[in-house]
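Close look at the chain arrangement
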Amino acid sequence: MKFTFDRDLMIKEVAIAQEIISTKNAMSILSNIFLIAENDTLTIKATDIKVHFETRIPINIEEEGSTTIFCDKFMSILSSLPSGEIEFVQQDIKVTIKPISKKVKFDLKSMAGDNFPDFTSFDNIPYFDVPADQFKNMIQQTIFAISDDETRYFMNGVYFEKNNDNFNMVSTDGRRLAFITKEICQGVNDFPSVIVPPKILNIILKRAPSEGMISIAIVDKMIYIKFANYNFSSVLLEGQFPNYNRVIPENQSYYFELEKQDLMDALKRVALLVDQKARRVYFEINPGSLVITSQESDIGTAKEEIPCKYDGQTVTMAMNYMYVDEPMKVMDCERIRFEFTESMKAVTLKPVPESDYFHIIMPMQME
């Protein structure tokens, strides 16, 4: 096999493959990318068994063929070279990489592609299209709230659900919940509700453009996603996602509103003296003001008062400050609203004015 390729274009594709590959063991076929050179096109494949990636780039081929090569070292070599054309030559198990503009060459050992895991074909799958910017926004609003408790594996991903013409995404770790819905399924055939692992969603969030459409298909316990010249697929998580509707309060008696940036800044300062294991802060809600206090510790305590809109009796509740801070980072608004009924019952965090998403936070014990 012999071909030449553009270094910058190759780096862009191999960087995505690196995100898929989960092992750095040079002796494992799963540390390698699978290269297939034919018809002046190079197909690049990578997998960690659960997530698959495939892309194609134009190259100049002198001799067609296929092989696998250690992704990590291939990327290191490419990163060390200047932009321009690079020659790739394979003979037996040896691969030689030579830039056209430099008198340097690298010899790497390759592995035959016979043992590389088979991919399900990305063709003839019933895809439906969704706007890329809206799909990425849905991922942003939910992905941070999934559980990392592997004993509750059914909460280790984001729940996808079609409800009439609406596409819902939900995530929860049992102590908070993130929900967003968008009316982007007009004319889309029904698909089963599924739990999608975060790895593929993080890659889509990072790599997908914010314009155009993203194609999605859910078939046989797999999700398929494609855009531009990229094809991704992932095994879905099994198990029964919790009945999230039971967690969402039908109505709440009280609310307070404030500037999102005021609360973010105050939390950042108060958190300097928060116990990072418990992450507990106290919200004292008064008419006209919110007082945020860190839990007293051997280090000390912090306290800050900021203005808020509230008309009711003074209420104090304990919150995990990260559960408040993380959703605020992805909320596209200037003012936010907290709705509540009692200090120990679910609190709903919403943008002002209301939008197509919200976040549910369970208060902590006061202690």
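Report on the accompanying structure.

Calculation notes
- Residues numbered from 1 in each chain as written.
- Predicted model: local features only at pLDDT ≥ 70, side-chain atom pairs only at ≥ 80, totals over all residues.
- Heavy atoms only, no water.
- Helix = DSSP H or I, 4+ residues; strand = E, 2+ residues; numbered from the N terminus.
- Polar contact = N/O pair within 3.5 Å; in protein donor to acceptor, adjacent residues only side chain to side chain.
- Contact = heavy atoms within 4.5 Å.
- Pairing = 2+ DSSP bridges.
- Axes fitted to C-alpha atoms, helices over the stretch in contact; angles between N-to-C directions.

Examining the side chain of Thr47
Secondary-structure assignment places Thr47 in strand 3 (residues 41–47). A distance of 2.9 Å separates a polar side-chain atom of Thr47 from the backbone nitrogen of Ile49. A polar side-chain atom of Thr47 sits 2.6 Å from a polar atom in the side chain of His52. Once residues within four sequence positions are removed from consideration, Thr47 is found in contact with Ile20, Ile21, Leu30, His52, Phe116, Pro117 and Phe119.

Describing the sheet that holds strand 14 (residues 194–196)
The 8 strands lie next to each other as 14-11-12-13-25-24-23-18, forming an open sheet whose pairing is antiparallel. The outermost strands of the open sheet, each flanked by one partner alone, are strand 14 and strand 18 (254–259). Adjacent strand axes in the sheet meet at a mean angle of 25°, parallel and antiparallel pairs treated alike. Bridging between strand 18 and strand 23 (residues 335–340) involves 6 bridges; their strand directions are antiparallel. Across the sheet, residue Tyr254 finds its bridge partner in strand 23, namely Phe340. This element, helix 3 (residues 132–142), spans strand 11 (158–163), strand 12 (166–172), strand 13 (176–182) and strand 25 (357–361) of the sheet and lies at about 165° to strand 13. Where helix 5 (residues 260–270) meets the sheet, it contacts strand 18 and strand 23, and its direction lies at approximately 85° from that of strand 18.

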